[in-house]
Amino acid sequence: MFYVPSESMTVQGKENEIYKKYGKEWNIQPEGWGNGNWLLTKPSDVIINGKSYRHFVLDHYGKFKLTEKLADKFFEDIKIGKIKLPY
């Protein structure tokens, strides 16, 4: 069980090259005024046994943003048996 923090970075290049290289893992948005700069972001996640539980955690707690504090609460609730993971 571990928490993966969100990431962001700015890259420069042509749209098709950026989508080809980063499109499967990153959310891509234009940055600036069409000068070839792109903002790439990855949301935070909770990984357990190689599987993402991001949506489960957010739905369970009724939240929209996954923070490290919320992930810690989730891990603690699993340890004390308050939450049973769906498999």
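What you see as residue numbers is a count from 1 along each chain, following the sequence as written. Owing to the predicted nature of the model, reporting of local features is limited to residues with pLDDT of at least 70; listing and counting of side-chain atom pairs is limited to 80 or more, with chain, interface and lining totals taken over all residues. Side-chain numbers here rest on the full set of heavy atoms in the structure, without hydrogens or water.

K.L.:
I'm lost on the nonpolar core in this one. Help?
P.N.:
Note on soluble globular proteins: their nonpolar side chains tend to be buried together. Each nonpolar core is a collection of buried residues, namely Ala, Val, Leu, Ile, Met, Phe, Trp, Tyr and Cys, held together in the definition by side-chain atoms within 4.5 Å. Categorising residues by exposure relies on relative accessible area from a 1.4 Å probe, with only protein chains included: less than 20% of the type maximum marks a residue as buried, more than 50% marks it as exposed, and the intermediate range marks it as partly exposed. Core analysis: the largest hydrophobic core is formed by 14 residues, its most contacted members being V46, I48, V57 and F74. Elements supplying a minimum of two residues to this core: β5 (45-48), α2 (54-61) and α3 (68-79). Helix numbering and strand numbering both begin at the N terminus, where a helix is a DSSP run of H or I of at least 4 residues and a strand a DSSP run of E of at least 2. By residue number, the principal contributor to this core is α3, which donates 5 residues. Note on definitions: a residue-residue contact is assigned when non-hydrogen atoms from the two residues lie within 4.5 Å. Ignoring sequence-local partners within four residues, the contact set of V57 consists of V46, L66, L70 and F74. By size, the runner-up hydrophobic cluster in this structure holds 7 residues, among which are V11, Y22, I28 and W38.

K.L.:
What should I look at first to understand the sheet that holds strand β1 (residues 2-4) in this one?
P.N.:
Two orientations exist for strands paired in a sheet by backbone hydrogen bonds: parallel and antiparallel. When DSSP finds two or more bridges between a pair of strands, those strands are recorded as paired. Spatially, 3 strands are ordered β1-β5-β6 in an open sheet, and the strand pairing comes out antiparallel. This sheet does not close on itself; its edge strands, each paired only once, are β1 and β6 (51-52). In this structure, β1 lies alongside β5, joined through 3 bridges in antiparallel fashion. Each residue of the ladder has a partner; that of V4, found in β5, is D45. Against the sheet, α3 touches β1 and β5, its axis set at about 30° to β5. Axes here mean lines fitted to C-alpha atoms, for a helix over just the part in contact, with angles spanning 0 to 180 degrees between N-to-C directions.

K.L.:
What is the right way to look at the sheet that holds strand β3 (residues 27-31) in this model?
P.N.:
Pairing in this open sheet of 3 strands is antiparallel, and the strands run β2-β4-β3 from one edge to the other. Both edges of this open sheet fall to β2 (7-12) and β3, since each of them pairs with a single strand only. In this sheet, adjacent strand axes meet at a mean angle of 25° when their direction is disregarded. As paired strands, β3 and strand β4 (residues 37-42) are joined by 5 bridges and run antiparallel to one another. Paired with Q29 across the strands is L39, a residue of β4.

K.L.:
So what exactly am I meant to see when it comes to the pattern of salt bridges here?
P.N.:
Proximity of charged atoms lets side chains of opposite charge pair with each other. We define a salt bridge as a side-chain nitrogen of Lys or Arg found within 4 Å of a carboxyl oxygen belonging to Asp or Glu. Summed over all chains, the structure comprises 1 salt bridge. Across the pair K42 and E25 runs a salt bridge whose closest N-O atoms are separated by 3.4 Å. Taken as a pair, K42 in strand β4 and E25 in the loop between α1 (15-22) and β3 lie far apart in primary sequence, 17 residues in all. Owing to a relative accessible area of 57%, E25 belongs among the exposed residues under this scheme.

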